[in-house]
Amino acid sequence: MILITVKFPIREDKLAEWRELSRFYVDAVTAEPGNVFFEFSESVDEPNTFVCIEGFRDDAAGKAHMEQEHVARFMSEMPDIVAAQPQIIYVDAEEVTGFGPMGEIQPR
């Protein structure tokens, strides 16, 4: 599985545009056949910063993702929305197939 985490610092005056574009992007990416998960969350510690976590089945799915029209749209609009260059962690972990249960916490 390809595991990617990206932090997007968003300009305060562009938050509405960000919310619209990120909703479009999540819907499009999660419809890709090789996508395992894709979502954005807002940082608790860093104002106007959103964290993307994404998983793709394998390298081929990741490459197919980068060829999509919605990726081109996202990449072309984001320079006007970000406050600084996004930071990324990219891991290719064949042994990982998706989320698993967390042993330390269970519902009561």
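In case you missed it, the structure is sitting above this.
Conventions and cut-offs
Residues numbered from 1 in each chain as written. Predicted model: local features only at pLDDT ≥ 70, side-chain atom pairs only at ≥ 80, totals over all residues. Heavy atoms only, no water. Pairing = 2+ DSSP bridges. Helix = DSSP H or I, 4+ residues; strand = E, 2+ residues; numbered from the N terminus. Axes fitted to C-alpha atoms, helices over the stretch in contact; angles between N-to-C directions. Contact = heavy atoms within 4.5 Å.

Visitor: Can you explain the sheet that holds strand β4 (residues 87-92)? Please cite residues and give values.
Guide: Backbone hydrogen bonds hold the strands of a sheet together, and the pairing may be parallel or antiparallel. Strand order in the open sheet formed by four strands is β2-β3-β1-β4, with antiparallel pairing between adjacent strands. Strand pairing shows two members of the sheet lacking a second neighbour, β2 (35-42) and β4, which therefore form its edges. Neighbouring strand axes in the sheet, compared pairwise and without regard to direction, differ in orientation by 10 degrees on average. Pairing analysis gives eight bridges linking strand β1 (residues 2-9) to strand β3 (residues 49-56), with the strands arranged antiparallel. Residue Val6 lies in a different strand from β3, and its bridge partner there is Cys52. Strands β1, β2 and β3 of the sheet are contacted by helix α1 (residues 15-30), whose axis makes an angle of about 165 degrees with β2.

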